[in-house]
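One letter stands for each residue in the lines below.
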Amino acid sequence: MFKLPKGFKPSKISEEALRVEKNYIIQQNDYLKLDVYSNKGEKLIDPNPELSNLTNQNTMVKEQPNYLVDLQGVVKFPMIGEIKLEGLTLRQAEEIIQKEYQKYFKEPFTLITYANKRVIVLGAPGGQVIPLVNQNISLVEVLGLAKGIDNLGKAQNIRVLRKEQVFLIDLSTIDGYRSGNMLIEPGDIVYVEPIRRPVSEAFKDYAGIVGLAVSIYALIIVTKQ
């Protein structure tokens, strides 16, 4: 799987991809989760939650669905309508939406998170889809969420596919970890090449044929007797 052609030169891991953290930029087809609170978010740190539970006046938007960023980069929110958010960071989007809700609520406090960002892990760890809950997550963290690399995986041959780029990473040594523990982006595919065992794999492939031949041979012997 994901065999590389002869003479292929992998993409070089830039310093930015390796160490420089960055804020996520909102893109088309993102799903955003929005929470809005009054009084500068008082409910989030309310020292007397029993009182707020009785009045239930602080939270203005509760259990809201996810909101799609359409192909024009526009999101439609309750009350404030359509707003173009594509190309903005989550923090910038919060500031814009917060100003819009000021028309309706007293000192609103907004929180925006993405809800559909993920990474695909294939190969030795098995096929897994890892949700991304942080804006900056490293390759090692993704592999940890995928239950790591066991004895069936080649830690020295890990491939990260990002659109048209392919990065080859060796995590079998400390130096390889330092130079290859890159930041993972949403939509990346991480492939850990499994260790090949020709004898056992061949036995699995031909186990049915071997079993059938043994059964026929045993039947012939029984018939002759």
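First, a word on scope: everything that follows refers to the structure included in this document.

So, on to the pattern of salt bridges. Two side chains carrying opposite charge are able to pair once their charged atoms lie near each other. If you walk through the whole model with that rule in mind, you get 10 salt bridges. We note a salt bridge from aspartate 30 to lysine 117, for which the minimum N-O separation is 2.7 Å. One end of the pair, aspartate 30, is in the loop between helix 1 (15–18) and strand 1 (31–37); the other, lysine 117, is in the loop between strand 6 (109–114) and strand 7 (118–123), with 87 residues separating them in the sequence. Summarising the burial analysis for this pair, aspartate 30 and lysine 117 share the class buried. Its salt-bridge partner being arginine 91, residue glutamate 94 comes within 3.7 Å of it at the nearest N-O pair. Residue glutamate 94 and its partner arginine 91 are located together in helix 3 (residues 90–101), separated by 3 residues, close to a single helical turn. If you follow the salt bridges from partner to partner, you end up with Lys22, Arg162, Glu185 and Asp188 in one network.

Mapped onto the elements of the fold, asparagine 181 is located in the loop between helix 5 (174–180) and strand 12 (183–184). For asparagine 181, a relative accessible area of 14% puts it in the buried group. Reaching out from asparagine 181, the side chain makes a polar contact with the backbone nitrogen of leucine 139 at a distance of 3.4 Å. Not counting the four nearest positions on each side in its chain, asparagine 181 is found in contact with Leu18, Ser138, Leu139, Val140 and Gly176.

Let us now look at the nonpolar core. Among the nonpolar cores identified, the biggest contains 40 residues, and Leu85 and Val190 are the most heavily contacted of them. Of the residues forming this core, the biggest block, 4 residues, is contributed by helix 3. Ignoring sequence-local partners within four residues, the contact set of valine 190 consists of Val119, Ile120, Val121, Leu122, Leu139, Val142, Leu143, Ile158, Arg159, Val160 and Ile184.

Calculation criteria
- Residues numbered from 1 in each chain as written.
- Predicted model: local features only at pLDDT ≥ 70, side-chain atom pairs only at ≥ 80, totals over all residues.
- Heavy atoms only, no water.
- Salt bridge = Lys/Arg side-chain N within 4 Å of Asp/Glu carboxyl O.
- Helix = DSSP H or I, 4+ residues; strand = E, 2+ residues; numbered from the N terminus.
- Buried < 20%, exposed > 50% of the residue type's maximum accessible area, 1.4 Å probe, protein only.
- Polar contact = N/O pair within 3.5 Å; in protein donor to acceptor, adjacent residues only side chain to side chain.
- Contact = heavy atoms within 4.5 Å.
- Core = buried A, V, L, I, M, F, W, Y, C linked by side-chain atoms within 4.5 Å.

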